[in-house]
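The lines below spell out each chain.
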Amino acid sequence: MGIAAEILGAVAVALAIYFPAREVSKPEANPVEGLTLEFGLDFGHFKIENDILYAGLSYEMIQRFAAENDCKAEIRAFYKYENALDSLKNGVVDILVMPCRDSAHHRMHLDSLAASKRLNKEICWVARKENKEIISYMNPWLRSLCHSDEFDEMLERFRFMPSSSRPPKEFKQQRRLSPYDDIIKFRADSIGWDWRLLAAVIYTESKFAINVSSPKGAKGLMQIMPLTVKVYDVQNPLDPEENIRAGANYLGRLDKLFRKIEPAQERVKYVLGAYTAGESRILQGMQKMEMAARDSLENAEIDSVVAAQVDSVKAADMDSTSVSTPAEQPKWITNANMYIDRVMKVYADFCRICPE
C-alpha cells in the first residue's frame, strides 16, 4: 500500500506539471446593479424606421433589461427640436437609443462615444466613453435577445400599420391592431367601450407611436394634455400603460358627462368632440343651442325646432346659435368634425380587421 500511494502521488505531481488546472472564469460583474439609469429615445417627433415602431420596441427592451439586470430605468423621449447627442454628452441621459445613421456628421459624434452593436441593423444603444463598461456589459444581453425567437415576435408586434384601410396582411391574419391590444381591451372594458373604438382613437392620435408630441404639450399614444397627466397621476406619459389608462379614464368621464344623450352612437360623437376640442367648448355650445331653442319657441312650431336639433348630429356643431355655412364656422368646429369622421372611419376599418 505504501509503494502504491507513492506511485499515485508521483503521477498526481506529473499531471499537475504538464496539465495545470484550468482557471475558472468568474461571472462578469454587473456594473449596473442597483443603479438608476437615465435612458433617452431619439427617434424624432414621429419617426418610423423600416415599418417598425422602434420607439415602442426600445421602451419595452429597456424595461426588460432593467428587470433582468437589477437596475432601474427612467425613460424619456427626445423630439425633433432637441439635440439628443448633446444631452447625452452633457449627462442629461446615460444611455441614448437611436437609429444607426451613416452620415459623416453622425459618425463624427459616435467616435467620441461608446456604442453597442447594431440591433436588427437599425438601432444602437450609445453612452459616454466613461460608461464604456456599461455598453460592454449590455452587448451580450442585447445580442442574446436579438437572436431569440422572442425578439422576432416583438418585431412582429411592433410592425407599423401605415393605413387602417389597407393594413399589411399580417394584421388581418393575426386579428390584431397594435402592440398594445391587451392594454386597450382591458381599459376599454373598464369604461364600457368597444376596444376597437378606443384603438381607433389611439391610432388617430398617434398611429400607435409612443414618442408623439404636439406644440400644445400633448404627449404619447393618446396625446394626453398636462392637465390630464396631473389629474390621473401619470408618472411618465411615454409609458403605454399609463398613457392609455389616463386617456381611457378621461374618455369614460366624458361619456358619463354626456350620458343623457341617446342613442349611444350619438353620444360617442359628443365624447370625441370634447376629447379633441375641449369639453368646455362642447358644453358652451350645447348651452347656446338650448337658449336658441327656447327663443325659437316664441316664433316657430315645436316640430321645426326638433327638426333643427336632429340636423345637428355632432357635438362640434352645437357652438353656433344660428345656422352658419362651413366658411363661417370657427376653425375648431371644422377640425372637430374632421377628427370625429377620422376616428369613425378608422373604427370601421378596425372592425373589418378584427370582426370580434
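Heads up: the structure comes first, above all this text.
Reading the values: rules and limits
- Residues numbered from 1 in each chain as written.
- Predicted model: local features only at pLDDT ≥ 70, side-chain atom pairs only at ≥ 80, totals over all residues.
- Heavy atoms only, no water.
- Pairing = 2+ DSSP bridges.
- Helix = DSSP H or I, 4+ residues; strand = E, 2+ residues; numbered from the N terminus.
- Axes fitted to C-alpha atoms, helices over the stretch in contact; angles between N-to-C directions.
- Contact = heavy atoms within 4.5 Å.
- Salt bridge = Lys/Arg side-chain N within 4 Å of Asp/Glu carboxyl O.
- Buried < 20%, exposed > 50% of the residue type's maximum accessible area, 1.4 Å probe, protein only.

Chemist: Where do I start with the sheet that holds strand S1 (residues 36–41) in this structure?
Modeler: Within a sheet, each strand pairs with its neighbour through backbone hydrogen bonds, oriented either parallel or antiparallel. Taken together, the five strands give an open sheet; going across it, the order is S2-S1-S3-S5-S4, and neighbouring strands pair in mixed fashion. Of all the strands in the sheet, just strand S2 (72–77) and strand S4 (113–115) have a single pairing partner and so form its edges. Neighbouring strand axes in the sheet, compared pairwise and without regard to direction, differ in orientation by 30° on average. Where helix H2 (residues 54–68) meets the sheet, it contacts S1, S2, strand S3 (95–99) and strand S5 (123–128), and its direction lies at approximately 165° from that of S2. Where helix H5 (residues 132–146) meets the sheet, it contacts S1, S3, S4 and S5, and its direction lies at approximately 155° from that of S5.

Chemist: Would you take a moment to explain the pattern of salt bridges for this structure?
Modeler: Any two side chains of opposite charge can pair if their charged atoms end up close together. Counted under the stated rule, the structure contains 16 salt bridges. Ionic pairing is found between Arg 128 and Glu 130, a salt bridge with its closest N-O pair at 3.6 Å. Since its relative accessible area comes to 63%, Glu 130 is described here as exposed. The partner of Glu 262 in a salt bridge is Arg 267, with the nearest N and O atoms 3.5 Å apart. Beyond isolated ion pairs, a larger network of salt bridges with shared partners links Glu 60, Glu 153 and Arg 157.

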